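# Examination of the molecular architecture
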Amino acid sequence: MPVKIRLQRHGKKGKPFYWIVAADSRAKRDGKYLEKLGAYNPNTNPATIELDVDGAVKWLQNGAQPTDTAKAILSYKGAMLKKHLAGGVRKGALTEEQAEAKFNAWLEEKTAKIQAKADGLSKADAEAKAKALEAEKAVNEARIAAATPVVEEEVAEETEATTEEVTASNEEE
């Protein structure tokens with residue numbers, strides 16, 4: 001039974017949400033699977049990926065073949081690196097502690113990159129909101145400036161009309 005690590009689509013139309021699963025390659029895309037390894041949500045920025053790295057490595061070591069997209073996700077989360085390091089431990093090139101130290105160092109570096117991207121996105125959003133607020137203030141000030149002379153003219157007309165009424169009422173007396 002050839003096993004594949006692939007994505008299983010969930011979610012509604014236009015809003016995909018995927019489970020990362022180990023499944024028989026003959027099973028339907030959204031059909032029966034052997035084990036759920038994680039979830040992938042491409043709708044967020046950066047994309048949200050939850051993955052059981054150890055479970056994925058176990059399936060990879062047992063011969064499961066990832067699809068192209070699943071392989072990219074596994075590489076992104078470090079499962080492929082961990083499998084590679086486990087192969088080095090098995091061959092005697094590394095000790096278990098060295099492999100774990102290398103994986104943890106890589107994981108910290110990757111987390112820092114992801115956090116930097118998220119910070120950059122939030123900073124860009126804040127700048128965009130500030131620019132939009134400034135533009136809105138400018139539009140409001142222009143609108144007020146355009147409306148203010150009309151009000152002054154109406155006040156001047158009302159003053160003239162009141163003065164004429166007072167003069168007319170004085171003449172009648």
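Report follows, based on the coordinates. Everything numeric in this text was worked out from a predicted model, so none of it was measured.

When helix 1 (residues 53-61) is considered as a whole, its buried residues turn out to be Val53, Gly55, Ala56, Val57, Trp59 and Leu60. The first or second residue beyond helix 1 is glycine 63, which carries a positive phi of 105°.

With that settled, the discussion passes to the packing of aromatic side chains. Inspection of every chain in the model, using the stated rule, returns 3 aromatic pairs. Measuring from centroid to centroid gives 5.9 Å for tyrosine 18 and tyrosine 40, while their planes differ by 20°, and the two rings are stacked. In this pair, tyrosine 18 sits in strand 2 (residues 15-24) while tyrosine 40 sits in strand 3 (residues 35-41), placing the two residues 22 residues apart along the sequence. Like tyrosine 18, the residue tyrosine 40 is buried in the burial classification. The ring of tryptophan 19 carries the charged tip of lysine 36 above its face, separated from the ring centre by 4.0 Å.

Before going further, it helps to spend a moment on the nonpolar core. Ranked by size, the top nonpolar core spans 24 residues in total, and within it Ile5, Ile20 and Leu37 carry the most contacts. Looking at this core, the elements with two or more residues in it are strand 1 (3-12), strand 2, strand 3, strand 4 (48-51), helix 1, helix 2 (68-77), helix 3 (79-91) and helix 4 (96-172). The contacts of leucine 37, once residues within four sequence positions are left out, are Ile5, Ile20, Val21, Ala22, Glu50, Leu51, Asp52, Gly55, Ala56 and Trp59.

Scoring rules and cut-offs
Residues numbered from 1 in each chain as written. Predicted model: local features only at pLDDT ≥ 70, side-chain atom pairs only at ≥ 80, totals over all residues. Heavy atoms only, no water. Buried < 20%, exposed > 50% of the residue type's maximum accessible area, 1.4 Å probe, protein only. Helix = DSSP H or I, 4+ residues; strand = E, 2+ residues; numbered from the N terminus. Phe/Tyr/Trp six-rings, centres within 6.5 Å; stacked < 30°, edge-to-face > 60°. Lys NZ or Arg CZ within 6 Å of the ring centre and 35° of its normal. Core = buried A, V, L, I, M, F, W, Y, C linked by side-chain atoms within 4.5 Å. Contact = heavy atoms within 4.5 Å.

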